[in-house]
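Spelled out from the first residue to the last, the chains are:
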Amino acid sequence: MSLAPAPETLADLRVDGARLWQSLMDLAAIGGTEKGGVCRLALTELDRQGRDLFVRWVREAGCEVRVDAIGNIFARRAGRNNDLPAIMTGSHIDTQPTGGKFDGNYGVLAGLEVLRTLNDENIQTEAPLELAVWTNEEGSRFVPVMMGSGVYAGAFTLEHALSQEDRESVSVQDALTAIGYDGKTAVPPSNPNEVGAYFEAHIEQGPVLEAADTVIGVVTGALGQRWYDVVLTGVEAHAGPTPMPLRRDALLAASELVLAVNQIALAHAPDARGTVGWMDVFPNSRNVIPGRVRLTVDLRAADDVTLSAMDAALRAAVQAAAGNRGVKADVEQVVYFAPQPFAPALVQSVRDGARALSLSAMDVVSGAGHDAVYVARVAPTAMIFVPCKDGISHNEIEDARPDHLEAGCNVLLRAMLAQAGIA
């Protein structure tokens, strides 16, 4: 049950924006790149250094720290009634090879700043608070992506995750052991009701908030995803002697399919997405008609009905393109994430926090996967977005305004207190 704090207690309560910014910059120095980004891949020595810094900070903030068997870190700030389910926030600190300072890191350090602010003001919550660092969210070194939160939520088994290997044949288990974060806490947790609410603050990683000149994105859910591998097989032939009507050009069929994927997404606006992100052409020779094309398709939508309709449209488009060009087509779905709505009561608490702080806000749907998507399977969940410059992320030039980061953290503070209650 939510325990609402006294309004007067919150009226003037604010985080320290300068401290939050400095923490972000201090963490970004671990694995910092010449272009101003961060390369701190999961379960590397640099990741160990980042984890160690986080653990030092939360222990200085008076938290109890535990690590589970997939390496997720949980920092717990005791409440007056520790039998209540914890109110949790968090994200990840691993990055892309050419990552930025804010993706994931902001959510972790915004949570840290909430804890520090409560300490500064000597505020005890009724329920305990927890701050999580999830393992291998990015999936740059190990797959699957969102590994730590996925195991926590039971999306895949601990044994499967620990057995995954990187390109040098190093397993997740061996990497965790090497950096000293092979924890002993059970995962998934033995108590499925140990979290009463989960909030995740994040940069938007897209251009919507900036384009709308809006500070807070109230995230109502995350798009569902279907990923496909498509193979189109024609006949490679000499580009000179083969007349145009007699060709079985796999690349021509692929080109029609690329356009079709775009049209499928546009036909299900505004939240649908369709992308062909990778293509391999064989034999890839200047004067040979392509005989085989392999490509990927990424479809996303806010509800399963739409996503299923897009799936049917894609399969029809593949057969049409293949039939038009006399090629053979194979389609394999390789990933499916169901659309994930977030908890209405928690979403409303984010709206309420923005309104109380007189911050501009709008409802948005997350087009990207986040740890919150998996956590939402086992606990009520909501997310808070703030703008990032030009909508750019997964890039060394990723940037965000300090005042926006501070604003999102203040909303996070209010939302967490609304759930945890003030003792």
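Residues numbered from 1 in each chain as written. Predicted model: local features only at pLDDT ≥ 70, side-chain atom pairs only at ≥ 80, totals over all residues. Heavy atoms only, no water.

**Q** If you had to explain the environment of glutamine 173 to someone new, which residues and values would you point to?
**A** Among the secondary structure elements, glutamine 173 is positioned in helix H7 (residues 172-179). On the basis of relative accessibility, which here comes to 29%, the residue glutamine 173 falls in the partly exposed class. It is 9.0 Å that separates the C-alpha atoms of glutamine 173 and alanine 69, two residues lying 104 residues apart in sequence. Leave out the neighbours within four places in its chain, and glutamine 173 touches Leu162 and Asp182. (Helix = DSSP H or I, 4+ residues; strand = E, 2+ residues; numbered from the N terminus. Buried < 20%, exposed > 50% of the residue type's maximum accessible area, 1.4 Å probe, protein only. Contact = heavy atoms within 4.5 Å.)

**Q** Can you break down the pairing of strand S2 (residues 73-77) residue by residue, with the values?
**A** Across the five residues of S2, four count as buried, placing the element largely inside the fold. Two successive antiparallel strands, strand S1 (residues 64-67) and S2, enclose a turn made up of five residues, where glycine 71 displays a positive phi of approximately 90°. (Pairing = 2+ DSSP bridges.)

**Q** I'd like to hear about the packing of helix H4 (residues 105-120) against helix H13 (residues 402-420), residue by residue, with values.
**A** At a minimum axis distance of 9 Å, the contact between H4 and H13 shows a crossing angle of 60°. In terms of orientation, H4 lies oblique with respect to H13. Of the two elements, H4 crosses H13, and the hand of that crossing is right-handed. Facing H4, whose interface residues are Tyr106, Ala110, Gly111, Glu113, Val114, Thr117 and Leu118, H13 presents His404, Leu405, Gly408, Cys409, Leu412, Leu413, Met416 and Leu417. Of the residues assigned to the contact of H4 with H13, the class counts are 10 nonpolar, four polar and one charged. (Axes fitted to C-alpha atoms, helices over the stretch in contact; angles between N-to-C directions. Parallel < 35°, antiparallel > 145°, perpendicular 65-115°, else oblique. Left-handed = near helix turned anticlockwise from the far one by under 90°. Nonpolar A, V, L, I, M, F, W, Y, C, P; charged D, E, K, R; others polar.)

**Q** Give me the lowdown on the nonpolar core, citing residues and values where you can.
**A** Counting residues in hydrophobic clusters, the biggest one holds 99 residues, and the most contacted among them are Phe54, Ile70, Tyr106, Phe199, Ile216 and Leu405. Among the elements that take part in this core, H13 stands out by supplying 10 residues, more than any other. The contacts of tyrosine 106, once residues within four sequence positions are left out, are Leu20, Leu24, Ala201, His202, Ile203, Val386, His404, Leu405, Gly408 and Cys409. Grouped together as the second largest cluster of nonpolar side chains are 26 residues, Leu257, Ala260, Met310 and Ala329 included. (Core = buried A, V, L, I, M, F, W, Y, C linked by side-chain atoms within 4.5 Å.)

By themselves, these are just geometric observations and shouldn't be taken as functional.
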